[in-house]
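Reading the structure
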Amino acid sequence: MPELKYKRLLVKLSGEALMGQYDFGIDPRMIASLAGELQALLRAGVEVGVVVGGGNIFRGAGLAEAGLDRVAGDHMGMLATVMNAIALRDGLQKKGLECVVMSGLMMPQVCENYTQRHARERIGRGEIVIFAAGTGNPYFTTDTGASLRAVEIQADLLIKATNVDGIYDSDPRSNPDARKYDTLRYDEAIDRRLAVMDITAMVLCQENDLDLAVCNINHPDALLALARGERLGTLVTR
């Protein structure tokens, strides 16, 4: 088996990645597929943390723009990520994998409270830790939450797994002439305002010298290929 370049990953899954063939909610087939991808990482010896977005269920920022109180909207968005995390945990457990959901909001009847020490311990002994509820604070995106958790667990690589196969200079869904980047520096991505992650998330990665890979989660074995250092999607470095 090819040698691993990155041995501890934080995988950021967009909520939309869980929709599969649906226009809303969670596709159980997609959960099973993602669980298989994560299982392959564990079998290869990779340590794994996961952050799941909530856009397939609820977007707090969107309703805030429509007039809902921003803090209320963000709290509702955090709860959506918890629902997704529980669904993913179920898919992983059905494959016999050890996993736990840790939440930035306290809800002990549903999942464990997040602490950095316990998260690192459990990832280190081969469990998949799913981080839910973002940072536990309003006004921060799940991208920022993913960057923060990646730094806290000392991940070697942050993977943003979406439905697009990398970073482009414009939206490839509306512009057929959009140019894809194979590699970028954080300074370039920030200066050009490329729609990768929010600026807070990218600055946090940059300051902590954490590589970021953006890939299409529908590409077979994408996560394992990135762990091995293969060229896939777009790699952002300091």
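Right above here is the structure, for reference.
Report on the accompanying structure.

What counts, and where the lines are drawn
Residues numbered from 1 in each chain as written. Predicted model: local features only at pLDDT ≥ 70, side-chain atom pairs only at ≥ 80, totals over all residues. Heavy atoms only, no water. Helix = DSSP H or I, 4+ residues; strand = E, 2+ residues; numbered from the N terminus. Contact = heavy atoms within 4.5 Å. Polar contact = N/O pair within 3.5 Å; in protein donor to acceptor, adjacent residues only side chain to side chain. Buried < 20%, exposed > 50% of the residue type's maximum accessible area, 1.4 Å probe, protein only. Pairing = 2+ DSSP bridges. Axes fitted to C-alpha atoms, helices over the stretch in contact; angles between N-to-C directions. Arc of directions from axis to C-beta. Salt bridge = Lys/Arg side-chain N within 4 Å of Asp/Glu carboxyl O. Disulfide = S-S within 2.5 Å. Phe/Tyr/Trp six-rings, centres within 6.5 Å; stacked < 30°, edge-to-face > 60°. Lys NZ or Arg CZ within 6 Å of the ring centre and 35° of its normal.

**Re the environment of Tyr-168**
Residue position: Tyr-168 is located in strand 7 (residues 167-168). Separated by 11 residues in the primary sequence, Tyr-168 and Arg-179 have C-alpha atoms spaced 5.3 Å apart. Setting aside its immediate chain neighbours within four residues, Tyr-168 contacts Ala-178, Arg-179, Lys-180, Tyr-181 and Leu-194. A distance of 2.6 Å separates a polar atom in the side chain of Tyr-168 from a polar atom in the side chain of Asp-165.

**Things to note about helix 5 (residues 142-152)**
Along helix 5, the positions that sit buried rather than exposed are Asp-143, Thr-144, Gly-145, Ala-146, Ser-147, Arg-149 and Ala-150. The opening residue of helix 5, the one whose side-chain oxygen lies 3.3 Å from the backbone nitrogen of Asp-143, is Thr-141. Phi turns positive, to about 60°, at Gln-154, one or two residues after helix 5.

**Section: the environment of Ala-85**
Along the chain, the position of Ala-85 falls in helix 3 (residues 70-94). Taking the C-alpha atoms as reference points, Ala-85 and Leu-68, separated by 17 residues in sequence, lie 25 Å from one another. Those residues in contact with Ala-85 that sit more than four places away from it in its chain are Val-101, Ile-130 and Ala-132.

**Regarding the sheet that holds strand 5 (residues 128-132)**
With mixed pairing, 9 strands are arranged side by side in an open sheet as 4-3-5-2-1-6-10-11-9. Pairing within the sheet leaves two strands with one partner each, and these edge strands are strand 4 (112-113) and strand 9 (183-185). In terms of strand pairing, strand 6 (residues 157-162) meets strand 10 (residues 211-216) through 6 bridges, oriented parallel. Paired with Leu-158 across the two strands is Leu-212, which belongs to strand 10. Running at roughly 150° to strand 5, helix 4 (residues 116-124) makes contact with strand 1 (8-13), strand 2 (47-52), strand 3 (99-103), strand 4 and strand 5 of the sheet.

**A few points about helix 7 (residues 199-207)**
Along helix 7, the residues that are buried comprise Ala-201, Met-202, Cys-205 and Gln-206. For helix 7, the angular spread of buried residues about the axis comes to 135°, placing them on one side. Looking at the buried positions of helix 7, the neighbouring elements they touch are helix 5, strand 6 and helix 6 (186-191).

**A word on the pattern of salt bridges**
Following the criterion strictly, the structure yields 15 salt bridges and no others. The partner of Asp-90 in a salt bridge is Lys-94, and the shortest N-O contact between them spans 3.1 Å. Placement of both Asp-90 and Lys-94 in helix 3 is noted, with a separation of 4 residues, approximately one turn of the helix. Of the residues examined, Lys-94 reaches a relative accessible area of 68% and is grouped as exposed. For Glu-127, the salt bridge identified is with Arg-122, shortest N-O distance 3.2 Å. The exposure class assigned to Arg-122 is buried, which follows from its relative accessible area of 17%.

**Description of the state of the cysteines**
Tallied over the full model, the rule gives 0 disulfides. No disulfide involves Cys-205; its sulfur sits 15 Å from that of Cys-215, the nearest cysteine. The class for Cys-205 is buried, based on a relative accessible area of 0%.

**Side note on the packing of aromatic side chains**
Using the criterion set out here, one finds 1 aromatic pair in the structure. Geometrically, the ring pair formed by Tyr-114 and Phe-131 is edge-to-face, given 5.7 Å between the ring centres and 75° between the ring planes. With Tyr-114 in the loop between strand 4 and helix 4 and Phe-131 in strand 5, the pair connects residues that are 17 residues apart, well separated along the chain. For Arg-149, the ring lying beneath its charged end belongs to Tyr-114, and the centroid distance is 3.7 Å.

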